[in-house]
Each structure stands twice: as C-alpha cells, then as structure tokens.
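Take a look at the letters that make up each chain.
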Amino acid sequence: MRDLPTFYYLDHFNEFLQFVIEFNEHLLHDKHKTFLTEYFSATKEQQCLLVRCINRKSRLIRKSTLQFSELNNIEDLTKQLTQLAWLREISAEDKNDVINIFTKEELFALYAECSKFESVSPLKKSIPKLQLQSACHALIATTIPESATAKRYLARNCDDCVDYFLFLYFGNCRDRLNQFSLRDLGVMKTRDTQVKSTPAQSRFECKQTALMMFTLQNMKQRLKTEATIDSSQINALIQQIPDYKDAASEAIHYNIKFKLAHRLLTHDRPKALDYLLACKDPHAQEKWCREAYKDGKTEQVEHHLNTIIDAPLSDQLLIFAEDFLARKYQKKRTSIMTDMLRQNNQHIRLDEIHKGRVEHGVVEYYENQNKRAFKTENNLWRALFGLTFWPVLFETPGLGLTTEFDYLPECLKQDCFYTKAKAPIKRVLASLDTPKKWLTHLAEIAAANYAFSQSIFHWYPTLIDELAVLVRHSDLSSISAVLLNMCRAWHQTNDGFPDLMVLDDNKLRFEEVKGEGDVLRRNQLLRIQQMREAGFNVLITTVDFTIDPLQPYVVVDIETTGGRAQHHKITEIGMVKVIAGEIVDQWQSLINPLRFIPSNITQLTGIDNDMVKDAPIFSEVAEKVDDFTKNAIFVAHNVNFDYGFIREEFARIDKYWRRPKLCTVQQMRKHYKGLKSYSLANLTAHFDITMEKHHRAMSDAVAASELLNLVNAKRSAPSM
C-alpha cells in the first residue's frame, strides 16, 4: 500500500475547497465566503488542526485526543480555533449529541454532576446504558455545559459551512473527505480520466436551489439516524421542510413528509392521516388508502382511488389503486400480480437441486434442449442504455460526472436526462437505424471504455455478445421504445426487467422466472407490460421442483497432492456422465501438479512424480472439464472437497466456474440411515458395488455413480 505524505489531509481539504471555489462560487452565501476568507488567512498549523477536527466522525471532540505528531502547541492552537469560532465549548444545544456520543462512564459522571443543580433520583452504576441515556434526556439542558465532564469536550462550530461544501462536491450528505485518502492509497478507483475529458461543472444552477437541496438531504439523513422523535418534534419538522423547485427536490420534499407522517401514525393518527392525504408521494397515497380503509372510511377511500386512477403519481401507484379498488370494492379475489402469474405463462419442472438458483436452472434446462438462454435481468437493458447514450451521458457538459468520485451521471441522479438532452437522445436513436450500426456503436464505446467504473451497469466479458443477440433478433423500434422509457424516468424504469433472454428457433423472447412461493412484484409487472407494449414477447415461467429422470449428472473424483485446495493441487481427474441411471460418457486424465507429490500420497493413490511429469497441467484440460460438466449437476462423494479443488484450479487461471452440486455422502446418510460407515469403500462393500482400484479417480467416480443411482431411487420414490 502506498504511503501518504505528512500533510496529506490538508492537501485533500485544499483540493476539495479549490473545486468549491472554482466551480461553485455562484452557490455560496455570505457566511460561506466569510469562512473561506478566514480559512485561507489562517496559518498552516491552524488549518491543519481544523482539518484534523473536521475529519473526526463526531461533532463533539474530547480535548485529550487532540494529539498529532506534526503539530506543536496543540493547546494554543485549540484556543486560536476557538477565537476564530471554528471550535467552541459545549452548550445546551449539544444535549442530544452529548447523550449519544458520551461513553457510559462519562454519562454517569455527567448525570451525577448535573444532579447537583436539580432534584433527580440517584442512579446505580449497574444501570443499562439505554436507561442511563433516557435519564440524561430528563436533565435540564442548560446544566450540562457546567459539568466537568462536558468541559473536557469541544464542539465543531463550522459544520454548517463545511457540510454544505461537501454536499456541493459529493452531491449527498453521506460522503466525507476520507475518500481522498482511499483514492491516494489506491484502495478506491476514481473516474478522474473521464471527468477530465469534459469541462468541470457544478451540480446546481443557483444558490437557492443548492441550499434547498442541501437542507432537504440533511433532513432525510437525519431521519435515518434519529429514531426517537415525539409528535411535537414531528409536527415542527413537517413545518420546516423546505419548498421544492424542480422534480428532484419535489420528490425529496414529499418523501420526507411521508416518512414523518408515517412516524406520526402511532402518536396522532388523525393528523398523520391528514398529512398522508395531502402528501404527493406515491407511498403516502397508498398508505393513506390502506389506513383510512382500516378506519372504516370506505366511501372516501373509493373516491380517492378513482381520483388516483384518473391522474396517478406513478405507474406503481396506478397498479395499487386498480388492484385495491377491484379487491376491496368489486370483490375480486385475486390481485393483478396473481392474475399475471396465471395468464400468458408457461410451467416447467426442474430437478430440486436447482432450488436457490432457479434462474440458472432454467438456463441449463434450455441449453439441454439446444436453445440459447442468458441470465440477463436488469443489467442487459442498463448496459444497452449506458453504451447507447454513453457520449451524451458522460461527455456532455452539465450532464455527466461532476467529480472523480461520482459513479452516476448527474442527469440520472436528478432524473432529468430526457428533459436536458431530448434532442441528442433522439439524434442517437435516429442514427442507429440498422442492427449493424447499433452493434458497431456498442462495440466502439465498449472498446474505448471497458472497465470504466460507473453505476449504470456491470461490465463482464460476454456482455457485447448478449447485446448482439438482443439487437440482431429484435425490432429496433421496440428497443428504442424501452430505452426512451428509461430516458424519461430513469429511477422508475431501470429495474424489474425479466430474468432471462431466450433465443428459440431464431426467435427472441424474455422470461420472468418464478419458483415455488415467489411473487411478482409491481416493478416487474410494469416492465413486463411496457416490454409487451413495445412489441417484445415476454413470458412468466413458473417452476416446480421434482426429480428429473433426464437430468444430466457428472460424477467426479479427483486425486490431489494434499487436503487443502488453496495450497495443494490436483494429480488426477475422473468423470462419468450419468443420464437416467446410465453412464453415457466418461473422461479421465492425470494432471501435472507442477509440484512434488509426497510419498504418503503416493502410497495412498499409487500416483508418483514420474507418472505425472508428462501429463497436462490443469490449464490445458480446463476447457474439457468445463465442457464436460456444463449443464450437469456436479456429484462427488464428499462433494465440497472435489468441487473446491476444481473451482480453485479455475480461479488460478482467472476463470469463473460454478455448477449445482450434490453430495453422495449427505444423500446416503439421509436416505439410508443407520449404516456403520458412509465412506466410499464401506458403502461399496455394503451394497456390493464393484470398485476396481480405490483412490484412483475413474474407479472411484464409477463407484460413486452407483451410489448416485441408489440415492435417486429413493429421491424419486413416492412418499408414503
């Protein structure tokens, strides 16, 4: 790991401030400008101590912890920062922070000291910290600064300015300056090259909008951390919510109002319902309908549901309103999602080994029928969106990344991409009027930007191949319709896409896969509806789990140089493919482990160093192992041993490898209980299974395949 220079933290702070001054000066109010003037007029030592304090997680700082080897006369510097009003003594307004930050011992001392000024009951030292905090909340706030314990602390007094600067830089109220250190240490990858390729920009056009968004985001963050708020505080906060100016600020404004009203339900239900009804957040509207219906306000709810249907705030709210109206007032017994699952769908059976990986199981089901299937879900469409509009998203001033720490273009964060880039969006789509042009565009963008970190989609080696299948086998107008929906409302339309893309007889379709007990979510229902409206064939595939007699199994045994996959290597692999209880194919090979085989291993397996010196190394047979086990269930006696070694060998050559697996040890214990031993040798002896040479891979694999047949005979037998 790289070393950081002594004053790295000051360099980071000055780099951060330089961005604020250079590109956001129009967003600064008088108090912000005053702080900056005083900061740059201060000595380097004063600046250093201030930044050290700013980098503390807590706003309250224990004086005794202000010790830094590069700074002298900390006590004098502290007094100077207090005179500059960057630090101050604890005051009554710090009461909540004091109670949340102080240790149990400090709180106990604080309570004892403050009790001298007011009549409170004494506490035992064994009192739990939560009860102690509750007791401290009852203290008079003005007595806290007088206590000796509180006098050991200082409070940062410049957070309102610094937090605003951080918001302008990062665009949120969470990220802090430690990200600069992570960048310089090489721990965090940033997008400095991409940011430098376009003119730097501010996130906001005017300071009123910036300050309003800062206040809103601060309130939203505060609600996450402050769990206990009483009804008077909730009402006061609702009145303090800043107004909104655009779609982004409007969404946050009403989301905060919804969360506060939701909390108020347990304190003042009538008032909370009034707030919910007036709140233009889709979640608030749904919550009001549900709660008012519980209270017996059926006529008002019915009228409001019809109002929502006439002018819904979102597609998901429309689905709720139609569904709730049908089920509660028209006596419909099933939901829209249930109806969708029952209609226009198909049903398949998978071997129960695929439980927990049902989408992968369906992919293998199709591949065993020589159909091409891809687990695509959201990433396929997000990647098509990101690569198609890459130049507009990342290379257009005012739309893309603001700083090197951003992952998502600003226009997508604020959901204003279509509003701000309608003309270039349409130009891009008009220019891609043939599959060849579209694929050439995708390939060129991917080649120039592969592995560039962003949060629109994930890169992986087969991404362009999957996009090629989509583009070549779809109507381009259908693709454009889906992408335009994403442009117009990114936050509402970038998820819920079907799990699979299937190419069957040169025809493309998408499938949402649902296993036993899975439900269809509203966002999935919306994507299915929108994709069908765009012209795509979209099915819902429901899955039952059973014992599939035609499921291919590959029974594997390996010999190794030792027992730990991370430190030892494979010396032999034997595999047999089993379908319907019969061995239909087999493969075996000695493997050169490129290391010495211990004598005790040779005594056990009979494999010595001379036998493997001319054998292939694993990388030379990896493709064969991959192909032989593809679309099959990996079976072994003590499966995690064999599976772990093979997966580790693939990892050494930077290849991801994964298969569903079944263990004949576990399954024999489950279905043939009470045997003295479940070792391979004892089981083969007990069931009279021929084994030519124990501890040689092919012999053990064939023997284990007989155990698999015994297991499957029990697994497929009808239950009594």
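Whatever comes next refers back to the structure up there.
Here goes a summary of the coordinates provided. None of these values were measured; they are calculated from a predicted model.

Here's the deal with the environment of Asn-72
Okay, step 1: The residue Asn-72 is located in the loop between strand S1 (60-62) and helix H4 (74-83) in this model.
Okay, step 2: Residue classification places Asn-72 among the exposed residues on the basis of a relative accessible area of 60%.
Okay, step 3: In this structure the C-alpha to C-alpha distance between Asn-72 and Lys-514, which are 442 residues apart in sequence, comes to 66 Å.

Looking at the sheet that holds strand S2 (residues 87-89)
Backbone-to-backbone hydrogen bonds join strands into a sheet, with any given pair of strands oriented parallel or antiparallel.
Okay, step 1: Here we have three strands laid out as an open sheet, ordered S1-S3-S2, and antiparallel in their pairing. The open sheet is flanked by S1 and S2, the only strands paired with a single partner. Averaged over neighbouring strand pairs, the angle between their axes works out to 40° when direction is ignored.
Okay, step 2: Sheet analysis places S2 next to strand S3 (residues 153-156), joined by three bridges and oriented antiparallel. Following the sheet pairing, Glu-89 is matched in S3 by Leu-154.

As for the layout of surface pockets
Okay, step 1: By volume, the second largest pocket amounts to about 1,500 Å³.
Okay, step 2: Along its surface, the second largest pocket is lined by 44 residues, and Ala-248, Ala-251, Ile-252, Asp-415 and His-491 are the ones closest to its centre.
Okay, step 3: Where the lining of the second largest pocket is concerned, the elements lending two or more residues are helix H8 (159-170), helix H11 (207-225), helix H13 (247-264), helix H15 (282-294), helix H17 (315-329), helix H22 (410-413), helix H27 (490-493) and helix H28 (522-534).
Okay, step 4: Per-element accounting of the lining of the second largest pocket gives the leading share, seven residues, to H13.
Okay, step 5: Classifying every residue of the lining of the second largest pocket gives 15 nonpolar, 14 polar and 15 charged.

Considering unusual backbone geometry
Residues apart from glycine generally show negative phi values, whereas peptide bonds are mostly found in trans.
Okay, step 1: Phi angles above zero are rare outside glycine, and Asn-73 is one such case at about 55°.
Okay, step 2: Residue Asn-73 is classed as exposed on the basis of its relative accessible area, which comes to 55%.
Okay, step 3: A positive phi is found at Leu-594, a non-glycine position, where the angle reads about 60°.
Okay, step 4: Locating Leu-594 in the fold gives a position in the loop between strand S11 (582-590) and helix H29 (599-605).
Okay, step 5: On the basis of relative accessible area, Leu-594 is assigned to the exposed category, the value being 60%.

Looking at the side chain of Thr-629
Okay, step 1: With respect to the helices and strands, the residue Thr-629 is situated in helix H31 (residues 618-629).
Okay, step 2: The buried category is assigned to Thr-629, whose relative accessible area is 2%.
Okay, step 3: Of the polar contacts made by the side chain of Thr-629, one reaches the backbone oxygen of Asp-626; its length is 3.3 Å.
Okay, step 4: When neighbours within four sequence positions are excluded, Thr-629 is seen to be in contact with Val-554, Met-575, Trp-657 and Arg-659.

Section: H15
Okay, step 1: Compared with the 18 Å implied by 1.5 Å per residue over 13 residues, the 19 Å span of H15 between its first and last C-alpha is a close match.
Okay, step 2: Those residues of H15 lying buried are Ala-284, Gln-285, Glu-286, Trp-288, Cys-289, Glu-291 and Ala-292.
Okay, step 3: Just beyond H15, the residue with positive phi is Gly-296, at close to 85°.

What about empty space enclosed by the protein?
Okay, step 1: Considering all chains together, one arrives at one cavity of 30 Å³ or more under this definition.
Okay, step 2: For the largest cavity, the calculated volume is near 40 Å³.
Okay, step 3: Taken together, Val-482, Asn-485, Met-486, Thr-493, Phe-497, Arg-527, Gln-530 and Met-531 make up the full set of residues lining the largest cavity.
Okay, step 4: Contributing elements (two or more residues each) for the lining of the largest cavity: helix H26 (476-488) and H28.
Okay, step 5: Split into classes, the residues belonging to the lining of the largest cavity amount to four nonpolar, three polar and one charged.

Examining the sheet that holds strand S13 (residues 661-663)
Okay, step 1: The strand order across the open sheet formed by five strands is S11-S10-S9-S12-S13, and the pairing between neighbours is mixed. Either end of the sheet is taken by a strand with one partner, and the two such strands are S11 and S13. Averaged over all pairs of adjacent strands, the angle between their axes in this sheet comes to 25°, without regard to strand direction.
Okay, step 2: Sheet analysis places strand S9 (residues 553-560) next to strand S12 (residues 633-636), joined by three bridges and oriented parallel.

Thoughts on the nonpolar core
Okay, step 1: Of all hydrophobic cores here, the largest spans 82 residues; its most connected members are Phe-13, Phe-16, Phe-35, Tyr-39, Phe-165 and Leu-168.
Okay, step 2: Broken down by element, this core gets its largest block of residues, nine residues, from H8.
Okay, step 3: Residues contacting Tyr-39, with those up to four places away along its chain left out, are Leu-10, Phe-13, Asn-14, Leu-17, Gln-47, Leu-50, Val-51 and Trp-86.
Okay, step 4: Of all hydrophobic cores here, the second largest spans 65 residues; its members include Leu-387, Leu-393, Ile-425 and Leu-432.

Overview of the side chain of Asn-449
Okay, step 1: When you line up the elements, Asn-449 lands in helix H24 (residues 435-449).
Okay, step 2: Here Ile-445 takes part through its backbone oxygen, which lies 2.9 Å from a polar atom of the side chain of Asn-449.

Quick notes on the pairing of S9
Okay, step 1: Counting buried positions along S9 yields eight of eight residues, so the element is predominantly enclosed.
Okay, step 2: The two faces of S9 match: Tyr-553, Val-555, Asp-557 and Glu-559 on one face and Val-554, Val-556, Ile-558 and Thr-560 on the other face are all buried.
Okay, step 3: Relative to strand S10 (residues 570-579), S9 runs antiparallel, the two being bridged by eight bridges. Looking at S10, one finds that Glu-559 is bridged to Glu-572.

A look at the packing of aromatic side chains
Okay, step 1: The final tally for this structure, using the stated rule, is 48 aromatic pairs.
Okay, step 2: Measuring from centroid to centroid gives 5.5 Å for Phe-19 and Phe-23, while their planes differ by 50°, and the two rings are tilted. Of this pair, Phe-19 and Phe-23 are both found in helix H1 (residues 8-24), four residues apart, which corresponds to roughly one turn of the helix.
Okay, step 3: An angle of 20° between the planes, with centres 6.4 Å apart, marks the rings of Phe-35 and Tyr-39 as stacked. With Phe-35 and Tyr-39 both in helix H2 (residues 30-41) and four residues apart, the pair spans about one turn of that helix.
Okay, step 4: Take Phe-35: its relative accessible area is 4%, and that puts it in the buried class.
Okay, step 5: The residue whose ring lies beneath Arg-488 is Tyr-418, and the NZ or CZ to ring-centre distance is 4.9 Å.
Okay, step 6: Directly above the ring of Phe-628 sits Lys-577, whose terminal nitrogen or CZ lies 5.0 Å from the centroid.

Notes on the environment of Arg-269
Okay, step 1: Of note, Arg-269 is situated in helix H14 (residues 269-278).
Okay, step 2: A residue is classified by how much of its surface remains accessible, and Arg-269, at 27% relative accessible area, is partly exposed.
Okay, step 3: The spatial distance from the C-alpha of Arg-269 to the C-alpha of Glu-291 is 9.4 Å, given a sequence separation of 22 residues.
Okay, step 4: Sequence-distant contacts of Arg-269, that is, excluding residues within four places in its chain, are made with Leu-264, Glu-291, Lys-294 and Asp-295.
Okay, step 5: For Arg-269, the side chain forms a polar contact with the side chain of Glu-291, separated by 2.7 Å.

About the cut-offs
- Residues numbered from 1 in each chain as written.
- Predicted model: local features only at pLDDT ≥ 70, side-chain atom pairs only at ≥ 80, totals over all residues.
- Heavy atoms only, no water.
- Helix = DSSP H or I, 4+ residues; strand = E, 2+ residues; numbered from the N terminus.
- Buried < 20%, exposed > 50% of the residue type's maximum accessible area, 1.4 Å probe, protein only.
- Pairing = 2+ DSSP bridges.
- Axes fitted to C-alpha atoms, helices over the stretch in contact; angles between N-to-C directions.
- 1 Å grid on protein atoms, 1.4 Å probe; cavity = no way out; pocket = protein on both sides within 12 Å on 5 of 7 lines; lining within 4 Å.
- Points joined across faces, edges and corners; volume = space filled by probe spheres on them.
- Nonpolar A, V, L, I, M, F, W, Y, C, P; charged D, E, K, R; others polar.
- Polar contact = N/O pair within 3.5 Å; in protein donor to acceptor, adjacent residues only side chain to side chain.
- Contact = heavy atoms within 4.5 Å.
- Expected span 1.5 Å × (residues − 1).
- Core = buried A, V, L, I, M, F, W, Y, C linked by side-chain atoms within 4.5 Å.
- Phe/Tyr/Trp six-rings, centres within 6.5 Å; stacked < 30°, edge-to-face > 60°.
- Lys NZ or Arg CZ within 6 Å of the ring centre and 35° of its normal.

Don't take any of this as a statement about function, it's just geometry.
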